[in-house]
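Structural features, examined
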Amino acid sequence: MPDAPRTTAPAWRHWSLLVPALVVASAGLLVARISFDGDTFQHCRYLGPSTRTYVTAWAAPACALAASLLLPALRRGAHRRGQRLGAVWQGRTAMVAACLIPVLLLVQLAALYWVYEPDPSGGQDCSGLTPVHEMTVRR
């Protein structure tokens, strides 16, 4: 007896789960980028941003932009099949996750700017406290 044909969900439903995954990855990379701020100083010496700081600072907005570019493609895929993106839970999840993208992008672009910001200590050790320390030692 032949099996009854299975109906499978359209591909856009499966791909729509990638949008929230990219948003979560983007937010995680932002948190990681912020946690790597301690890499810039070691033993009172400014080392500059580490490689992992650069990688996470660039990867976070890249994930957010990929999620924002995927959403219109999903809408077109749903529309081609005569469906709406918000009609199923996968599409609604993607649309809710996409609402977070503008806020994430603003914060991530600010974090990316801070990576390329000049040395906050002005080239001195201990975050610019060397002149103050020298003045107290001379006395």
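Here is a short report on the structure shown in this document. On a predicted model such as this, the values are computed, not experimentally measured, just so you know. (Residues numbered from 1 in each chain as written. Predicted model: local features only at pLDDT ≥ 70, side-chain atom pairs only at ≥ 80, totals over all residues. Heavy atoms only, no water.)

A count of helices and strands for the protein chain gives six helices and two strands. Reading the protein chain from its N terminus to its C terminus gives the helix and strand order α-α-β-β-α-α-α-α. A burial count over the protein chain gives 32% of its 139 residues as buried. A separation threshold of at least 6 residues defines the contact pool for the protein chain, and within that pool the share at least 24 residues apart is 75%. Surface exposure of the protein chain reaches about 9300 Å², of which carbon and sulfur atoms provide 66%. (Helix = DSSP H or I, 4+ residues; strand = E, 2+ residues; numbered from the N terminus. Buried < 20%, exposed > 50% of the residue type's maximum accessible area, 1.4 Å probe, protein only. Contact = heavy atoms within 4.5 Å. Areas by Shrake-Rupley, 256 points an atom, 1.4 Å probe, with all protein chains shown as cover.)

Let us look at the nonpolar core. The tendency in soluble globular proteins is for nonpolar side chains to be buried as a group. Residues Trp12, Val19, Val23, Ala67, Leu74 and Ile101 are the most contacted members of the largest nonpolar core, which totals 21 residues. Mapped by element, the contributors of at least two residues to this core are helix 2 (18–35), helix 3 (51–80), helix 4 (89–98) and helix 5 (101–115). No other element matches helix 3, which puts seven residues into this core. In contact with Leu74, not counting residues within four places along its chain, are Trp12, Trp15, Ser16, Val19 and Leu85. (Core = buried A, V, L, I, M, F, W, Y, C linked by side-chain atoms within 4.5 Å.)

Another aspect to go through is the side chain of Ser50. Note on placement: Ser50 falls in the loop between strand 2 (45–46) and helix 3. A distance of 2.9 Å separates a polar atom in the side chain of Ser50 from a polar atom in the side chain of Thr53. (Polar contact = N/O pair within 3.5 Å; in protein donor to acceptor, adjacent residues only side chain to side chain.)

The next subject is a nonpolar patch on the surface. A cluster of nonpolar side chains, Val103, Leu106 and Val107, forms an exposed patch at the surface whose accessible area comes to about 290 Å². Relative to the helices and strands, Leu106 resides in helix 5. (Patch = residues over 30% accessible without salt bridge, like charges linked within 9 Å, V, L, I, M, F, W, Y side chains within 5 Å. Salt bridge = Lys/Arg side-chain N within 4 Å of Asp/Glu carboxyl O.)

This part takes up helix 4. Within the sequence span of helix 4, burial applies to Gln90, Gly91, Ala94, Ala97 and Ala98. One face of helix 4 carries all of its buried residues, which in axial projection span an arc of 125°. Residues of helix 4 that are buried sit in contact with helix 1 (11–16), helix 2, helix 3 and helix 5. (Arc of directions from axis to C-beta.)

What follows is about the environment of Thr56. The residue Thr56 is located in helix 3 in this model. For Thr56, a relative accessible area of 8% translates into the label buried. Separated by 27 residues in sequence, Thr56 and Leu29 place their C-alpha atoms 5.5 Å apart. Once residues lying within four places of it in the same chain are set aside, the contact partners of Thr56 are Leu29, Ala32, Arg33 and Phe36. A polar contact of 2.8 Å, which involves the side chain of Thr56, links it to the backbone oxygen of Arg52. Reaching out from Thr56, the side chain makes a polar contact with the backbone oxygen of Thr53 at a distance of 3.2 Å.

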